[in-house]
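# Coordinates in review
This is what each chain is made of:
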Amino acid sequence: MEIPFMILGALVTLLIFYLVIERAVRDGINNSSIGQFLEEKHGIKEPQGDEDLYDEK
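These notes cover the structure that comes with them.

Scoring rules and cut-offs
Residues numbered from 1 in each chain as written. Predicted model: local features only at pLDDT ≥ 70, side-chain atom pairs only at ≥ 80, totals over all residues. Heavy atoms only, no water. Helix = DSSP H or I, 4+ residues; strand = E, 2+ residues; numbered from the N terminus. Buried < 20%, exposed > 50% of the residue type's maximum accessible area, 1.4 Å probe, protein only. Areas by Shrake-Rupley, 256 points an atom, 1.4 Å probe, with all protein chains shown as cover. Axes fitted to C-alpha atoms, helices over the stretch in contact; angles between N-to-C directions. Parallel < 35°, antiparallel > 145°, perpendicular 65-115°, else oblique. Contact = heavy atoms within 4.5 Å. Salt bridge = Lys/Arg side-chain N within 4 Å of Asp/Glu carboxyl O. Expected span 1.5 Å × (residues − 1).

## A short note on the overall build of the protein
- Within the protein, the secondary structure is distributed over two helices and zero strands.
- A burial count over the protein gives 2% of its 57 residues as buried.
- Surface accessibility of the protein: about 5,700 Å² in total, with carbon and sulfur atoms responsible for 64%.

## With respect to the packing of helix 1 (residues 2-31) against helix 2 (residues 33-42)
- Contact geometry of helix 1 with helix 2 gives a least axis separation of 4 Å together with a crossing angle of 70°. Considering the angle they form, helix 1 stands roughly perpendicular to helix 2. Packed against helix 1, whose contacting residues are Ile29, Asn30 and Asn31, the element helix 2 presents Ser33, Gly35 and Gln36 at the interface.

## So, the pattern of salt bridges
- Overall, the coordinates contain two salt bridges when judged by the stated rule.
- Salt-bridge contacts for Glu22 lead to Arg26; the nearest nitrogen and oxygen are separated by 2.5 Å. In this pair, Glu22 and Arg26 both sit in helix 1, four residues apart, roughly one turn of the helix.
- Take Glu22: its relative accessible area is 26%, and that puts it in the partly exposed class.
- Given a relative accessible area of 32%, Arg26 falls into the partly exposed group.

## Observations regarding helix 1
- With 30 residues, helix 1 should reach 44 Å at 1.5 Å per residue; the first-to-last C-alpha distance of 43 Å fits that figure.
- Sparse coverage of helix 1 is indicated by the burial of zero of its 30 residues.

See the structure below:
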């Protein structure tokens, strides 16, 4: 009976770990000199809300 709880705990831990690393990488890139250069030159901005990144408008 302990094994399902261990698997569920591992999955939740991996999800939290993924979210923390993803956010840290995104913030690191946005604050870097290359990220600021791309934002200024190409007008690249972080998506707001439910915008689809792959939608060709």
